[in-house]
Amino acid sequence: MRQMMKKTVSTMRRTMVAAALVSIAASPVYAGEVKIGVLNGLTGPIPDLSAVILEAELAAAAYINANGGMWGGDTLVLASGDSGCDAKAGVDAANKIVNVEQVSIIVGPICSGATIGATQAVTIPAGVVNISPSATSPAITGLDDNDLVFRVCPSDAYQGVTIAKLARSMGYSKLATTYANDDYNAGLHDVFVKAFKELGGTITGDQMHEANKASYRSELATLSSGGPEALALFAYYNGSGITIMRQSLENSFFSKFIGGDGMLAQEVIDEIGADNLGDTVFTKGTADAGSSNFKTFAGLFDRPSDPYTAQAWDAVMIAALALESAGSATRDLIAHVRSVANAPGVEVGPGDWAKAKALLAAGKDINYQGIAGENEFDANGDVAGIYGKSVVKDGKWAETLID
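Within each chain, residues carry numbers counting from 1 in the order of the written sequence. Per-residue local features of the predicted model are confined to residues with pLDDT of at least 70, and side-chain atom pairs are confined, for both listing and counting, to 80 or more; whole-chain, interface and lining totals are unaffected and use all residues. Note that water and hydrogens are dropped before the side-chain values are worked out from all heavy atoms of the structure.

Draft legend 1. Representation of helix α10 (residues 292–300). Partly exposed residues are those whose accessible area sits between 20% and 50% of the maximum for their type, while under 20% is buried and over 50% is exposed, using a 1.4 Å probe and protein chains only. By definition, any uninterrupted DSSP run of H or I lasting at least four residues is a helix, any uninterrupted run of E lasting at least two residues is a strand, and each is numbered from the N terminus. For α10, every residue scored as buried is listed here: N293, F294 and F297. Along the axis of α10, the buried residues cluster in a sector spanning 100 degrees; they form a single face. Exposed residues lying more than 90 degrees from the buried face of α10 are S292, K295 and G299. Buried positions along α10 lie against α11 (309–326). What the arc describes is the spread of directions from the helix axis to the C-beta atoms. Contacts are assigned to residue pairs with any non-hydrogen atoms lying within 4.5 Å of each other.

Written out as structure tokens, the structure reads:
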């Protein structure tokens with residue numbers, strides 16, 4: 001009953017956020033309104049994570065509107081699209097918000113496959129800037145994007161190495177790996193395997209898998225041979241991850257797991273049980289909870305430590321600041337994105353909208369300092385970022401920074 005109640009609350013949360021965004025997207029833009037697109041994933045493999053990311057984006061827009069709004073007091077409006085964390089759905093959603101909603105800039109998509117699909121097919125040809133809060137595939141770095149694709153989360157080119165170093169520091173020398181057949185998980189897996197081997201580790205078995213299968217027992221039986229000490233699992237929790245973990249435990253294939261942020265959802269604990277997750281560690285791009293910008297964010301949003309909520313706030317702020325700097329609802333925003341986020345300039349943070357507006361109005365340069373890091377975009381639109389590791393404590397994920 002307790003698990004059923006938690007699932008009901010989770011579903012209600014997603015439904016409420018979806019209803020709010022549908023209402024926003026369905027409304028025409030009137031004089032005095034400025035529209036930014038948001039591409040998320042309320043359907044697909046990570047609906048609960050996506051719902052909270054959306055809440056952070058809505059909260060950022062509400063904060064901006066409560067502190068002077070856009071330009072002379074215009075209202076910031078979010079136009080929503082649901083990518084479902086799928087390349088084709090991402091293209092369809094991007095087509096709608098670019099060609100029907102006529103947005104100037106997009107926050108998202110949140111998943112790598114949807115980001116690659118939507119940007120290549122729609123937003124790059126249309127000349128629309130994307131700022132993703134959470135699309136981490138290394139493949140995004142090398143996109144032929146005309147400098148239109150940015151992200152405020154670090155690439156998995158770094159996270160894969162971080163997980164490999166973490167595994168070795170935990171004493172693992174022999175691991176089996178399995179990864180879902182999508183851009184995010186395949187990319188993270190590839191970097192991890194290379195780094196783990198370079199650090200002296202051995203991969204005893206390695207298999208790609210398809211999401212949403214009823215059983216992975218055959219694959220897990222094969223992977224468990226060869227003496228692996230744990231399973232490196234690269235999957236979305238609602239796509240294949242929970243099923244793989246449950247069947248691993250039920251059949252004594254694996255009891256220890258390590259992996260990335262696609263598995264960091266409360267639903268994993270609710271479904272698998274906290275007592276079964278004592279030897280499980282997952283990582284994600286994160287923010288320093290001790291920083292002044294994080295503390296400011298925690299005063300503005302009620303779930304500041306949830307995956308990628310900090311990055312979602314940062315992405316909305318940078319997109320809105322770029323439009324504020326431009327002074328009109330233009331799509332010619334590349335230079336403005338870089339100028340408001342990168343040095344030099346007066347430093348402004350996640351709670352400094354009114355200050356940033358005044359500085360821009362006075363012709364001053366600003367340098368947005370994000371909750372999740374400095375957000376200094378490199379030539380590829382990437383940022384360095386920070387990583388945290390999460391373990392189960394008192395029935396919830398508890399995170400510490402990785403040195």
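Draft legend 2. Expanded view of the sheet that holds strand β10 (residues 280–286). With respect to topology, 7 strands assemble into an open sheet ordered β7-β6-β8-β9-β10-β13-β14, the strand pairing being mixed. Strand pairing shows two members of the sheet lacking a second neighbour, β7 (202–209) and β14 (396–401), which therefore form its edges. Averaged over all pairs of adjacent strands, the angle between strand axes in this sheet comes to 25 degrees, irrespective of strand direction. Pairing of strand β6 (residues 174–180) with β7 involves 7 bridges; the strand directions are parallel. Within β7, the position partnered with A176 by the bridge is G205. Where helix α8 (residues 237–250) meets the sheet, it contacts β6, β7, β8 (230–234), β9 (257–259) and β10, and its direction lies at approximately 165 degrees from that of β8. Any two strands with at least two DSSP-identified bridges between them are counted as paired. Between the N-to-C directions of two axes lies an angle of 0 to 180 degrees, each axis being a line fitted to C-alpha atoms and, for a helix, fitted only over the stretch in contact.

Draft legend 3. Representation of the pattern of salt bridges within the structure. What makes a salt bridge here is a side-chain nitrogen of Lys or Arg within 4 Å of a carboxyl oxygen of Asp or Glu, nothing more. Going through the model one piece at a time under the given rule, you end up with 11 salt bridges. Across the pair K35 and E101 runs a salt bridge whose closest N-O atoms are separated by 2.5 Å. You can see K35 sitting in strand β1 (residues 33–40) and its partner E101 sitting in the loop between α3 (87–100) and β3 (105–107), a full 66 residues away along the chain. For K35, a relative accessible area of 9% gives the class buried. You can call E101 buried: its relative accessible area is 12%. Notably, a salt bridge pairs K88 with D92, separated by 3.4 Å at the nearest N-O pair. You can see K88 and its partner D92 sitting in helix α3, 4 residues apart, about one turn around the helix. Residue class for D92 comes out partly exposed when judged on its relative accessible area of 45%.

Draft legend 4. Structural detail: the pairing of β1. Burial analysis of β1 places 7 of its 8 residues in the buried class, the great majority of the element. When β1 meets strand β2 (residues 75–82), the two strands line up parallel, connected through 8 bridges. Along β2, the bridge assignment pairs L39 with G81. Whether a crossover is right-handed depends on one test, that the path from the first strand over the helix to the second runs clockwise when the strands point away from the viewer. On the question of chirality, the crossover connecting β1 to the parallel β2 by way of helix α2 (residues 47–66) is right-handed. Pairing geometry for β1 and β3, over 2 bridges, is parallel. Its bridge partner being in β3, V38 is matched across the sheet by V107.

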